[in-house]
Amino acid sequence: MVVKSIFRGIRKRVLGALRSHPSRPKKYVYRLFSEALEQRQLLSVNPIYDGTIEASSVEPAPLTLNAIGLGTFLSVEQYADWLVGKAATQWSHLFGQPSYESSWLEMPFSSVLRDDMVVATPSVSSDELVSQSGMTTQASSRTNTQVTGVDEADFVETNNDMLFAIAQQKLSVLRGFADGELEVLGQIQLDTTKQTIGMYLYGDTITVVSQQRFSSFSGHAQHRTLFEDQHRLARPQVFITVLDVSEPHAITVKAQTAIDGQFRSSRMVDGQIRLVLEHPLFLPCPHVVSSMPAHQSLDVQTSVMPNWNMPPFEPSDSTGIYESREEYVARIRNKLVASVSPQMYELDASGNTIAVAPLLEATHIDIPDNQHVTRLTTCTVLDVGGNDLSQYSSAGLFTGGAVEVYASSDHVFVFDRDSGMPRNDRPGIFLWEPPQTQVTKITISTSEVGVPSVSLSAQGTFQGTILNQFAVDDHNGYLNVVVETHGLGSGVVVMDQEGDSLTVIGSIGGLAATEDLYSVRFVGERVFFVTFERTDPLFVVDVSVPSSPTLLGELHVTGFSDHIQPLDENHLLAIGREANEQTGAFGALQVSIFDVTDLSNPLLDHRYTFAGGRHTSTTITGQRWRRGDGNHLALGFFPEDGVITIPVRTDGGFSMPMMMESPIDNSAFVMEVGIPDWIPPKQWLEVLSYDVHSGFDHRGVIDHQMVIDRAVQISGRLVAVSESEVSLHDFVEPTVVVDSIRLDQG
């Protein structure tokens, strides 16, 4: 798709150039193709050609093994050699070649390699952390996480009769749910210049995860050479702020740190926060070092496209000469290493930097086999139970595709999803390779004194891609994955660790070859997943024998399911949409109960359809036109009370009243269009009771001035939380407000 989109634009510009300059078409056509090649390099796509320039004197470092067991770098020098070798290889076709002015192609990526960038040395030391034991016993519900014991960042946390909520960029602590008299015990203003991702509750601390708000681009320049010294791409950072909430009326900052990187995912297990961050790999374009015409300094017969059967570029088009390979390597080496060496900054309560240290050592970074890498992905573990965040452990790997993260209690799995790349066997001929996914297993451990440790354990590859984190399960030492390959259908692969390799030991595939995967859920040794084209097949696969996954049964019903929630051992709750059985057109939002007592014959027992037709949606299932992007934390699931809550919203729009008269004779139709009416969007929290035998019962709706994001249970009552207020309700009659309190005042 990248190649097609680039050359569609090229074709349009070529036609425009031919019309504008009919007497000199060749010059402009060649220039456009040259720019296309350079832009394609920027997008990290394989070069179209091999090139005829001499081989690089700086090659990527060979794969080497060390104590970790994977191909990690042995030193910072070897890391620098690999980075510089990759950059030199990518731009090898430009060294010593003529440059051509382009007003429409810009190269901003090298701007991150600033002269003020330095690599911090590991000189910061502190006392080892001693992890605190356990969390306070909870008499209230937690949000709907995927794995038991593995917490996920959210905007609402509960502890007995207390509620912690982030709204209006404030952390508010409330109590009084048991008595039905709500009060705000305390509030603290969060940094409004940062975007809050979520928080974790552990003991008497709240850990807030946030990232800086920044614009990727600012300003405009006409010539790409100006980008070299401009700071136009901000280096993103993630912030960890630990708040002491033991005295809610006086919340204080306990510890704070900043980490270079863009947030990808996080989890918390036993007071240890696990962060997965991404760091862009920008390889700067060579400088133009001479303004003399190309024909005065080199033989331009060495064309940048020797295999295209086209004449060389005309010397009169040249605006200068690119620097040599040796000049390029000497110039970028230190700054390139600095740009891909993330750091951690210890901050005081006011946010001032106290100390700086490397986030990870080069010896903890995996050397990639895949050359299509675009970023460094890191996994960092900190023990937030202590007062000191300067003790941490990290590991890293280079990734190139869309990254998905799954976490169990002891491991973090990073999936690098390649959407499929064209392979260039001969100039101008591309063969499509099926997508591959690389999975890296990262092991989390803790020393006797509570210091976390992160290590790269194993790595493997399988064909296909995964939908989201629910497509993965770490069960009894085996990694079970539901995979999808376009045109080949869906299936299950089982991987086992052998040494430092993750190897596929069993698989089943080819299910619903023409359909898309919409949802997955593992329940013990069974996996349930839904595909859809016009109807919804629910597949049941048994993975109790890892070497031989077995299809047990399937069920075809109308519509599809975006999220699957286990109710008990024999029943599933699924949230999705109705659909036209003939066309597959989306319909109204719906929730279903499936009976899987007989795994070979799953049944649809009950279904409830929401009012509002196809214009209804919920954040639980995500955008209607995308798959796997829902937020499962938004589902209020209260099995002890037999209640679920679903935030629902409808689209706003204009109604177009129209009247049409049929003609009596052969005259034209007469049409009268009325004044359009604006129908505002609506949002509410739908409360349903469910029973696996009798089905669903509508309990009512809860409405706030703003969208209700979460519903939790505290002291036997239902609590609805939005940006504007917190309201208290009874599970039996949720429409009756026991008490409410505003969060957007004071």
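The coordinates are above.
So, here is what we can say about the structure in this document. In this text, all values refer to a predicted model and were calculated from it rather than measured experimentally.

Describing the overall build of the chain
1) Next: A count of helices and strands for the chain gives 4 helices and 49 strands.
2) Next: Within the span of the chain, comprising 746 residues, buried residues form 53% of the whole.
3) Next: Sequence-distant contacts in the chain: of pairs separated by 6 or more residues, those separated by 24 or more amount to 60%.
4) Next: Accessible surface, the chain: about 32,200 Å² in total, of which carbon and sulfur atoms supply 50%.

Concerning the pattern of salt bridges
If the charged atoms of two oppositely charged side chains come close together, the side chains can form a pair.
1) Next: Across all of its chains, the model carries 13 salt bridges by this definition.
2) Next: Taking the shortest distance from any N to any O, the salt bridge between K194 and D191 comes out at 2.3 Å.
3) Next: Residue classification places K194 among the buried residues on the basis of a relative accessible area of 14%.
4) Next: According to the relative accessible area criterion, D191 is partly exposed, its value standing at 34%.
5) Next: When salt bridges with common partners are traced through the structure, they connect R264, E278 and R375 into a single cluster.

Quick notes on the sheet that holds strand β46 (residues 708-714)
1) Next: What the 4 strands build is an open sheet, ordered β46-β47-β48-β49; its pairing is antiparallel. The strands lining the two open edges of the sheet, one partner per strand, are β46 and β49 (737-742). The average undirected angle you get between the axes of adjacent strands in this sheet is 20 degrees.

So, the pairing of strand β44 (residues 682-691)
1) Next: The element β44 is extensively covered by neighbouring structure, given that 7 of its 10 residues are classed as buried.
2) Next: Where β44 meets strand β45 (residues 695-702), 7 bridges bridge the pair, whose relative direction is antiparallel. Considered in β45, the bridge of S689 is made with D697.

Definitions and limits used
Residues numbered from 1 in each chain as written. Predicted model: local features only at pLDDT ≥ 70, side-chain atom pairs only at ≥ 80, totals over all residues. Heavy atoms only, no water. Helix = DSSP H or I, 4+ residues; strand = E, 2+ residues; numbered from the N terminus. Buried < 20%, exposed > 50% of the residue type's maximum accessible area, 1.4 Å probe, protein only. Contact = heavy atoms within 4.5 Å. Areas by Shrake-Rupley, 256 points an atom, 1.4 Å probe, with all protein chains shown as cover. Salt bridge = Lys/Arg side-chain N within 4 Å of Asp/Glu carboxyl O. Pairing = 2+ DSSP bridges. Axes fitted to C-alpha atoms, helices over the stretch in contact; angles between N-to-C directions.

Keep in mind these numbers describe shape, not what the thing actually does.
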